[in-house]
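# Geometric and topological summary
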Amino acid sequence: MPVDPGEYAAALRQYAAGVVLLTVRDDIDDVGTTVTSLMSVSADPPLVAIGLAADGYPAEVLQSVGAGVVNVLAAGQAILASRFSSAGRPSARHLLESVPWRRAPVSDAIALDGALATLDCRVSSVVEAGSHVLVLLSVEAVPVVAAEGDPLLRLRGRWTDAAGRPLRRP
């Protein structure tokens, strides 16, 4: 019996997921998107995997360029996560006005100074997975690691802190 898509979505909303901002620099501009499907794959060699909508521009650009940065967002960065999850968003640099960032050494993509961590990555492989692609990324550098801070989480359709408390706009 097929699983009802609504039930499937409701079930997965019960799972708290860390929130990252994927950034990619191509010849034209900087692209960014909010991602909640990140997993650590291997420590040796260092590999992570992310899931992206197969027909989305971020997946297209990441595959074309072959490198990008995974910015692990802090609880105080919920507004950034919202900006980068909106359809029709402008350039990443425009969405990051007044937010400190630098260029990552390997991908030249945006690495947020205020992130909990940044992973500068190269695309290792791509697997088609239904409406999405799973992108295996080789971690080539870690330009930012915060000494402390709470992660931004997504739970039940809301941005939350590590305790599961919904975050309010400042």
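Residues numbered from 1 in each chain as written. Predicted model: local features only at pLDDT ≥ 70, side-chain atom pairs only at ≥ 80, totals over all residues. Heavy atoms only, no water.

### Re the pairing of strand β4 (residues 38-43)
Note the following rule: The cut-offs for exposure are 20% and 50% of the maximum accessible area for each residue type, with area from a 1.4 Å probe on protein chains only; residues under the lower value are buried, those over the upper are exposed, and the others partly exposed. Every helix listed is a DSSP run of H or I at least four residues long, and every strand listed is a run of E at least two residues long, numbered separately from the N terminus. For two strands to pair, DSSP has to find at least two bridges joining them.
Taking burial as the measure, the six residues of β4 include zero buried ones, a minor fraction of the element. Of the pairings in the sheet, the one linking β4 to strand β5 (residues 46-53) comprises five bridges and is antiparallel in character. Note on β5: the bridge partner recorded for L38 is I50. Hairpin connection from β4 to β5: two residues lie between these consecutive antiparallel strands.

### Focus: the sheet that holds strand β12 (residues 158-160)
Whenever strands of a sheet pair, they do so through backbone hydrogen bonds, lying parallel or antiparallel. What the three strands build is an open sheet, ordered β1-β11-β12; its pairing is antiparallel. Pairing within the sheet leaves two strands with one partner each, and these edge strands are β1 (17-18) and β12.

### Some remarks on unusual backbone geometry
Residue P45 follows D44 across a cis peptide bond; omega there is 5 degrees. You can see P45 is positioned in the loop between β4 and β5. For S98, which is not glycine, the phi torsion reads 70 degrees and is therefore positive. With respect to the helices and strands, S98 occurs in the loop between α4 (92-95) and β7 (101-103). Exposure remark for S98: the relative accessible area of 79% places this residue in the exposed category. Phi at R156 takes a positive value of approximately 55 degrees, unusual for a residue other than glycine. Within the secondary structure, R156 is located in the loop between β11 (153-155) and β12. For R156, a relative accessible area of 47% puts it in the partly exposed group.

Interpretation in functional terms is not warranted from these geometric data alone.
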